[in-house]
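The primary structure of each chain is shown beneath.
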Amino acid sequence: VQLQASGGGLVQAGGSLRLSCAASGSIGAMNTMGWYRRAPGKQRELVAVSTSSGSTNYADSVKGRFTIYRDNPENTVYLQLNSLKPEDTAVYYCNVRKYSSGTRSSDYWGQGTKVTVSS
């Protein structure tokens, strides 16, 4: 599985961006597609995740502002970022976790796309 992320950029506080991540190859019937970010000097953190069963989960810091959604036939996951704040500045990484039989899983990562929010 290879992931190609795009959509980052420079935006003013209060603005919006949409990130996209297309997966090539089979991601299986059971999977999660999500976004993580790493801000300067901080550890990577989960931003949002969407499961193949249709559920979503968000970091508290982005709830109500970010929306994750998927285009399953295209194996693509999107992250709509609204009401951006300077503290959202980070490199955003898409992730696919592919579950095989039992509890085995494999993680795949995109190359990262930088989001910079100016105040």
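Thresholds, definitions, all that
Residues numbered from 1 in each chain as written. Predicted model: local features only at pLDDT ≥ 70, side-chain atom pairs only at ≥ 80, totals over all residues. Heavy atoms only, no water. Core = buried A, V, L, I, M, F, W, Y, C linked by side-chain atoms within 4.5 Å. Buried < 20%, exposed > 50% of the residue type's maximum accessible area, 1.4 Å probe, protein only. Helix = DSSP H or I, 4+ residues; strand = E, 2+ residues; numbered from the N terminus. Disulfide = S-S within 2.5 Å. Pairing = 2+ DSSP bridges.

Novice: Please clarify how the nonpolar core should be interpreted in this entry.
Specialist: Generally speaking, soluble globular proteins have nonpolar side chains that are buried together. Residues Trp 35, Val 47, Phe 66, Leu 79 and Tyr 92 are the most contacted members of the largest nonpolar core, which totals 28 residues. Secondary-structure elements contributing two or more residues to this core are strand E1 (2-6), strand E3 (17-24), strand E4 (31-38), strand E5 (45-51), strand E7 (66-71), strand E8 (76-81), strand E9 (90-99) and strand E11 (113-118).

Novice: What's the story with the state of the cysteines in this structure? I'm lost.
Specialist: Applying the stated criterion across every chain, the model contains one disulfide. Across a sulfur-sulfur distance of 2.1 Å, Cys 21 and Cys 94 are joined as a disulfide pair. Taking the sign of the S-S torsion, 50 degrees for the link of Cys 21 and Cys 94, the bridge is right-handed. Taken together, the residues Cys 21 in strand E3 and Cys 94 in strand E9 connect sequence positions 73 residues apart.

Novice: So what exactly am I meant to see when it comes to the pairing of E4 here?
Specialist: Each regular strand carries side chains that alternate between the two faces of the sheet. Burial of E4 is extensive: seven of the eight residues sit out of reach of the surface. Bridging between E4 and E5 involves six bridges; their strand directions are antiparallel. Residue pairing for E5: Trp 35 is matched across the bridge by Ala 48. Linking E4 back to E5 in an antiparallel pair, the connection comprises six residues, with Gly 41 at a positive phi of about 75 degrees.

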